[in-house]
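Listed here are the chains, written in short residue letters.
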Amino acid sequence: METLAERPTCTLPRQTLQEETVRPLSFAQERMWLLDQIDPGAATCNLFHTVDISGPLSPALLARSLDEVVRRHQILRTTFAAPGGAPEPVVAPAARRPLPIVDLAGLPEPSWGPEVARLSTEERRRPFDLAAEPLFRVALVRLSADRHAGLLTAHPIVFDGGSSLVLWREVAALYEAFAAGRPSPLPELPLQYADYALWQRLHLAGEPLAGEVDPWRRELAPPLPVLRLPADFDRASAHGFLAGEVCRVLPAPLAAALREWGGRCGATLSSTLLAAWAAVLGRTGGEEDLLVGTPIESRRPEAEGLIGPFRNTRVLRARPRLDRGYGPLVDEVREAVAAVAAHQDLPFERLLTALGLPRDPRRAPPFQVMFLLRSQPAPRLSFAGLRIAVSPPDPAADLAGEVFELGLIAEERSDPRGDGDGGGGIGLRLAYDALLFTEATAARLLDHLAAFLAAALAAPERPLAELPLLSTSERRQLLAWSDGGNVGDGGEDGAWPPLAHHAFFAQAARTPGGPAIVAEGA
């Protein structure tokens, strides 16, 4: 795919919200608002994560620190009314907000985990009204004098996964200063998210937009491939999206081998994992040409310290042809990733419009599957005698706003005790549409990915068609079936039913003179 030459840096303009009569939404915000109009108040895309807080926490100081963050970032006190049918951001004045506290200190410690999980589910599922209430909320759960859990929920129209790092770094700096009796150490923000939204609307219009779109017209020229994965449930009757998730860990030795092989080939971990994911999908769906959506961080340097929805989406094309090896596929994917990086400013919505691909709330053109490598670990901070560990956000935080059937999120693990396999493994989280797939099917795909990687790294030039996908247990099961035996863990009686050809042979032995097949009375 052709890439554009480096463009001169375009500095974001400074616009004071109070002076603007027309305040545009960014393209990402416009998409979120439209999705909310299709399914008002839906909580399926809510961004949620928990924060483990150890140490002598002062809830009052935490509330004061959060209030200061909300004062600094106008986006966190913005709602979206549409009096004339078109959305318009409305910024509320800065004010103190109560910090809800749930006290579980009276419960025995073994009950803390299940109760926090229950409260987390309730918080995650509470909908937002985009026009009438704060779209960012934090609750505190008190477990003991030195142990608390924070529950953060936000709507993706004002927040994204990268905003979490900005938020908790500022909370840490503010809390430490307030605990010592000092004023805020943070300088006033030179820009607000609204400035980025205005820059985006002004910069991506006319000739600049055409230059960004032209390379994609060739790469995504119709007809586009459609990946038809075998589903457990009928697609025609599946309306909406029901989130499911399964997790696995690539063992440390396999992860190390993947990193080492990619380093020799000049390929990033993102490219090697994406190529393997495309190969497994292609083999599963019987396709040798497929499209994969991938979220990218589109923050400009001037916006590094801002909170807001900066996540963009790109589409990568992979051709996992069965007659070639994993190595050549990785080379192709690496080139596609480099091409995508040259166009990170172009909003996905503008690309779809320019290419004449309308949004469908039930199906995401032009891809049905997604992939993301999360290489930035969740923050762990120490300040004022406290230690906080922010959990990884839900897959919704990384894939919010997209309609997809499968979304694979890979996460590097450097904590030697973090994955139970000796350290250095790669966490895999597969978000799936439970209206189409069962949990067992989703888990089997992750097992196939691990089996494929192990075989591909051992023989990267071996044709994809010859690389095994089945796990050890699946191969053992098939071998037992082929020998005519039964394998445990199958049905209620612990045995799998006989295969059709075995049943035929058995019946032929019992009644050799009887009819073999009866059809329409003959």
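What you are looking at is a predicted structure, and each value in this text was computed from that prediction instead of being measured.

(A) Seen up close, the overall build of the protein chain. A tally of regular secondary structure across the protein chain gives 14 helices and 14 strands. The burial tally for the protein chain puts 48% of its 522 residues in the buried class. Counting only carbon and sulfur atoms, one obtains 56% of the accessible surface of the protein chain, whose full area is about 24400 Å².

(B) Molecular detail of the sheet that holds strand 14 (residues 426-433). Taken in spatial order, the six strands make up an open sheet running 7-14-13-10-8-9, and their pairing is mixed. Edge positions in the open sheet fall to strand 7 (243-250) and strand 9 (311-318), since each of these has one partner strand only. On average, adjacent strands in this sheet sit at an angle of 25 degrees to one another, irrespective of strand direction. For strand 10 (residues 369-374) and strand 13 (residues 406-412), the ladder comprises six bridges, and the chain directions are parallel. If you follow L372 over to strand 13, its bridge partner there is I409.

(C) Quick look at the pairing of strand 11 (residues 380-383). Burial of the side chains of strand 11 is restricted to one face: L381 and F383 are buried, whereas none of R380 and S382 on the reverse face is. Judged from the four bridges that link them, strand 11 and strand 12 (residues 386-390) form a sheet pairing that is antiparallel. By the bridge assignment for strand 12, R380 is matched with A389. Adjacent in sequence and paired antiparallel, strand 11 and strand 12 are bridged by two residues, among which A384 carries a positive phi angle near 50 degrees.

(D) Region of interest: the packing of aromatic side chains. Throughout the structure, instances matching the rule amount to nine aromatic pairs. For the pair Y193 and F310, a centre-to-centre distance of 5.1 Å together with 75 degrees between the ring planes defines the contact as edge-to-face. Of this pair, Y193 sits in helix 5 (residues 193-203) while F310 sits in the loop between strand 8 (290-297) and strand 9, and the two are 117 residues apart along the sequence. F310 carries the same exposure label as Y193, and that label is buried. Ring pairing ties together the aromatic residues Y193, Y196, W199 and F310, which thus form one cluster.

(E) View of the environment of A177. Examined against the element boundaries, A177 turns out to sit in helix 4 (residues 161-179). Exposure remark for A177: the relative accessible area of 1% places this residue in the buried category. A C-alpha to C-alpha distance of 9.7 Å links A177 and F383, two positions 206 residues apart in sequence. Once residues lying within four places of it in the same chain are set aside, the contact partners of A177 are R182, P183 and P185.

Criteria and cut-off values
Residues numbered from 1 in each chain as written. Predicted model: local features only at pLDDT ≥ 70, side-chain atom pairs only at ≥ 80, totals over all residues. Heavy atoms only, no water. Helix = DSSP H or I, 4+ residues; strand = E, 2+ residues; numbered from the N terminus. Buried < 20%, exposed > 50% of the residue type's maximum accessible area, 1.4 Å probe, protein only. Areas by Shrake-Rupley, 256 points an atom, 1.4 Å probe, with all protein chains shown as cover. Pairing = 2+ DSSP bridges. Axes fitted to C-alpha atoms, helices over the stretch in contact; angles between N-to-C directions. Phe/Tyr/Trp six-rings, centres within 6.5 Å; stacked < 30°, edge-to-face > 60°. Contact = heavy atoms within 4.5 Å.

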